[in-house]
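One-letter residues, chain by chain:
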Amino acid sequence: MTESFPRLHARTRRFTLGVPRNFTISPDGGRVTFLRTRSGTDPVTCLWELDVASGAERLVVDPLALGAADEDLPPEERARRERTRESAGGVVAYATDREVRQAVFALSGDLYLADLASGEVRRLPAAGPVIDPRLDPTGARVAYVTGGALHVLELATGADATLAEPEGDLVTYGLAEFIAAEEMDRMRGYWWSPSGDRLLVSRVDESPVSLWHIADPANPDRQPVPQRYPAAGTANAEVTLHVIGLDGARTAVPFEQEYLVTAAWDGHGLAIVTLSRDQRTMRLLAADPDTGETTLLREDTDPAWVDIVTGVPARLSDGTLVWVADADGGHRLIIGDEPVTPPSLQVRAVLDVDGDTVLFQASGEPTEIHLWTYSAGTISAVTTEPGVHSGRRAGGVTLVARQSLDTEGTTVSVGSVSIKSLAERPGLEPRVSLVRAGSRELSTAVLLPSWHVPGSGPLPVLMDPYGGPHAQRVLSARRMFLESQWWAEQGFAVIVADGRGTPGRGPAFEREMLHDFTISLQDQVDALQGVAALHPGDLDLSRVAIRGWSFGGYLAALAVLRRPDVFHAAVAGAPVTDWRLYDTCYTERYLGHPDEGHYEHSSLLGDAEKGDAEKLERPLLLIHGLADDNVVAAHTLRLSSALLAAGRPHTVLPLSGVTHMTPQEVVAENLLLLQLDFLRKSLNITG
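Each value, and the rule that gives it
- Residues numbered from 1 in each chain as written.
- Predicted model: local features only at pLDDT ≥ 70, side-chain atom pairs only at ≥ 80, totals over all residues.
- Heavy atoms only, no water.
- Helix = DSSP H or I, 4+ residues; strand = E, 2+ residues; numbered from the N terminus.
- Rg over C-alpha atoms; globule rule 2.2 N^0.38 Å.
- Buried < 20%, exposed > 50% of the residue type's maximum accessible area, 1.4 Å probe, protein only.
- Areas by Shrake-Rupley, 256 points an atom, 1.4 Å probe, with all protein chains shown as cover.
- Lys, Arg positive; Asp, Glu negative; His and termini not counted.
- Charge placed at Lys NZ, Arg CZ, Asp CG, Glu CD.
- Core = buried A, V, L, I, M, F, W, Y, C linked by side-chain atoms within 4.5 Å.
- Contact = heavy atoms within 4.5 Å.
- Axes fitted to C-alpha atoms, helices over the stretch in contact; angles between N-to-C directions.
- Parallel < 35°, antiparallel > 145°, perpendicular 65-115°, else oblique.
- Left-handed = near helix turned anticlockwise from the far one by under 90°.
- Nonpolar A, V, L, I, M, F, W, Y, C, P; charged D, E, K, R; others polar.
- Pairing = 2+ DSSP bridges.
- Expected span 1.5 Å × (residues − 1).
- Phe/Tyr/Trp six-rings, centres within 6.5 Å; stacked < 30°, edge-to-face > 60°.
- Lys NZ or Arg CZ within 6 Å of the ring centre and 35° of its normal.

## Some remarks on the overall build of the protein
When helices and strands are counted, the protein shows twelve helices and 44 strands. Scaling as 2.2 N^0.38, a compact globule of 687 residues should have a C-alpha radius of gyration of about 26 Å, and the protein matches this with 25 Å. Over its C-alpha atoms, taken along the principal directions, the protein stretches across nearly 70 × 55 × 55 Å. Sorting the 687 residues of the protein into buried and exposed places 58% on the buried side. Approximately 25,900 Å² of the protein is accessible, and the part contributed by carbon and sulfur atoms is 49%. If the 61 positive side-chain charges of the protein are averaged to one point and the 92 negative ones to another, these points end up 4 Å apart.

## A look at the nonpolar core
Within the largest apolar cluster, 90 residues are counted, with the highest numbers of intra-cluster contacts made by Trp323, Leu333, Val358, Phe360, Phe517, Phe567 and Trp579. Beyond its immediate sequence surroundings of up to four residues, Val358 is in contact with Leu316, Val322, Leu333, Ile335, Val350, Asp352, Val353, Trp372, Thr373 and Tyr374. Core analysis: the second largest hydrophobic core is formed by 30 residues, Phe5, Leu428, Val496 and Phe678 among them.

## Looking at the packing of helix H4 (residues 482-489) against helix H12 (residues 665-682)
When two helices pack together, their arrangement is given by the angle between their axes and by how far apart the axes lie. Where H4 meets H12, the closest approach of the two axes is 12 Å, and the angle between their N-to-C directions is 40°. If you check the angle between H4 and H12, you find them oblique. Crossing hand, H4 versus H12: right-handed. Contact residues: Glu483, Trp486 and Trp487 in H4; Leu672, Leu673, Gln675, Leu676 and Leu679 in H12. Classifying every residue of the contact of H4 with H12 by side-chain character gives six nonpolar, one polar and one charged.

## Comments concerning the pairing of strand E35 (residues 411-414)
Looking along a regular strand, one sees the side chains alternate between the two faces of the sheet. Burial along E35 is one-sided: Val412 and Val414 are buried, while Thr411 and Ser413, pointing the other way, are not. Relative to E35, strand E34 (residues 397-403) runs antiparallel, the two sharing four bridges. Among the inter-strand pairings, Val400 is bridged to a residue of E35, identified as Ser413. Where E35 meets strand E36 (residues 417-419), three bridges bridge the pair, whose relative direction is antiparallel. Within E36, the position partnered with Ser413 by the bridge is Ser418. Count of turn residues in the E35/E36 antiparallel hairpin: two residues, of which Gly415 carries a positive phi of about 65°.

## Details of H12
The end-to-end C-alpha separation of H12 is 26 Å, in line with the 26 Å expected for 18 residues at 1.5 Å each. What H12 keeps buried is the set Glu669, Leu671, Leu672, Gln675, Leu676, Phe678 and Leu679. Where H12 ends, the next residue or the one after it, Asn684, has phi of about 60°, a positive value.

## Some remarks on the sheet that holds strand E11 (residues 141-146)
As summarised here, the arrangement of the four strands in space is E10-E11-E12-E13, forming an open sheet in which the pairing is antiparallel. The open sheet has two edge strands, strand E10 (131-135) and strand E13 (160-164), and neither has a second partner. Each neighbouring strand pair of the sheet contributes to a mean axis angle of 25°, computed without reference to strand direction. Bridge analysis of E11 against strand E12 (residues 149-154) gives six bridges, and the strand direction is antiparallel. In the strand pairing of E12, Ala143 is matched with Val152.

## Some details on unusual backbone geometry
The peptide bond linking Val312 to Pro313 adopts the cis configuration, its omega dihedral lying at 10°. Within the chain, Arg13 stands out as a residue other than glycine whose phi angle is a positive 55°. Relative to the assigned elements, Arg13 resides in the loop between helix H1 (5-11) and strand E1 (21-25). A relative accessible area of 17% means that Arg13 is categorised as buried. You will see that Gln279, though not glycine, has its phi angle at about 65°, which is positive.

## Things to note about the packing of aromatic side chains
Applying the stated rule across the entire model yields 23 aromatic pairs. Residues Trp305 and Tyr590 carry aromatic rings whose centres are separated by 4.9 Å and whose planes lie at 80° to one another, so their mutual orientation is edge-to-face. One end of the pair, Trp305, is in the loop between strand E24 (294-301) and strand E25 (314-315); the other, Tyr590, is in helix H8 (residues 584-591), with 285 residues separating them in the sequence. Judged by its relative accessible area of 2%, Trp305 falls in the buried class. Aromatic side chains Trp579 and Tyr586 sit 6.2 Å apart centroid to centroid with 15° between the ring planes, which places their arrangement in the stacked category. Summarising the burial analysis for this pair, Trp579 and Tyr586 share the class buried. By way of ring pairs, the aromatic residues Trp305, Tyr466, Phe517, Phe551, Tyr554, Trp579, Tyr582, Tyr586 and Tyr590 are connected into one cluster. Seen from the ring of Trp48, Arg36 lies directly overhead, with NZ or CZ sitting 4.2 Å from the centre. Across the ring face of Phe509, the terminal group of Arg505 is positioned such that the distance to the ring centre comes to 4.3 Å.

Right under this line is the structure:
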């Protein structure tokens, strides 16, 4: 390997380039369409097709051949990619008809249609820069959004009709609002009917949402970018639903609750899922597309919050409901009204329903995610080898994508056929020990330098968590620990711990985070002490650092502010420092409304302002992208001001033009090196 790990890590977008993804199986199970770049360092994503019988792969769409090498994306598409954390370019999303004969996609705002049988790709006329194009199930027409308006283009004639025109600058039709995309995993704002004769369309009015501005201090000649940001306790966008016919006829579909979670429209009818503002009540509603009248099918409640689960609602062939809900202490698959999985198996998502077979993800052991099927009253394990699995199913064919600790990268198989991964080799092999650490037996990964001999002397410690709810770092997948192993090779004993609030261990474990984010710090201390007991003589507890990004950045700053007796230096990237500045859906789910009084204890500004000298003695590096529209730079700037006012020395590294993702190669590479230099100096590490 001629490149350093930090550079290769940046060039490969964390070794995700070249990995096949976004699979669609044809109804007969004979073909699989998917996305993949042409190499592990090529950021341009292409559309491919696999013939299952022969195992032959065929390149269907190469953006470079279409002259789309330099992307010119409309602002709405840039925002959509930021929400999906999409770091590649090219064909990053596509949609097919029901028979998977055609695929439609956008490139640099232009609209394209690919015939998957012939391989012909043609550019279609569009009224403006295209967002989220989708074929109707019959393949006769394509809908898309441009300028906030929903259009439908007839493929046979080229006729373009505007079905919904925004009534003002702050209104859009057919797009997901910020909260839906960032916090509810809903990236779309319209759904075709099964016959392709009408659509369910969301109308979003952002006028009630607070107006913020994202400035670019490095370029003072540029106007700040206005952004409607729904901060905790403030107004969300107003979302309404309408069934719109191809002739423009409109029928309102009213709902009472604050959030539209998702919708599903299949041969058994139209259904929508809504969620109350406090997220303690979720409703599944059947909607009559002719009248707009809704009927309550199911209501789930929880004194803390109701979880949003990907892939539901769905239906078996006879219309029986497929759902996921909490029952008897577990996240369980529900068929009709009956739980069919045991409480000990935590269902994470429904991936597909193929006739009467349901393919779903679930965890028994929290560090592993397996594929299961439900069919005819029986659940069966599809995968059994340790690892993290995802998949698809159609036409009786199951696709399995696997990551594990004993294999490099991602392997994808469809029966006896494999889809190649072209990802780069990282040049280092994580030496991961997965343990249960501390009094709470927290899922924890321990990584030591490859050259370290146990018992040969204590190593400085680096805690490397995310630590927040609804996300895991400790999984049986090698790619999760590549960066952590690089830190280990620099001379650290690296500890990655998932505390309370993280998924995989059941609702009770997750809901311990309610009203108090600071328990995540207690769990990091618990994990550190537990690992030290398991590795006597290998950890130098007088030199403990912590680093993290986003919630992990918050946790890192919290660590040196509240537990300087344990943590001796911290790097906090894009930290949330004042939870009143973060968005409604995420923050209120865990801390409630700001008026309830749970925010001050979990925020950092009060710690910075305290006069206790003990809280002001540890080195802290704050890093923030100035173009971040998710955790805005005000978080770091306000904390820095409070620290300065209290006389506490600290370092701030502002990143001009960088968002929450830091996709720029040079920035991403040098960020690792600068953090390493800071921690070495802070912990007095030489050599």
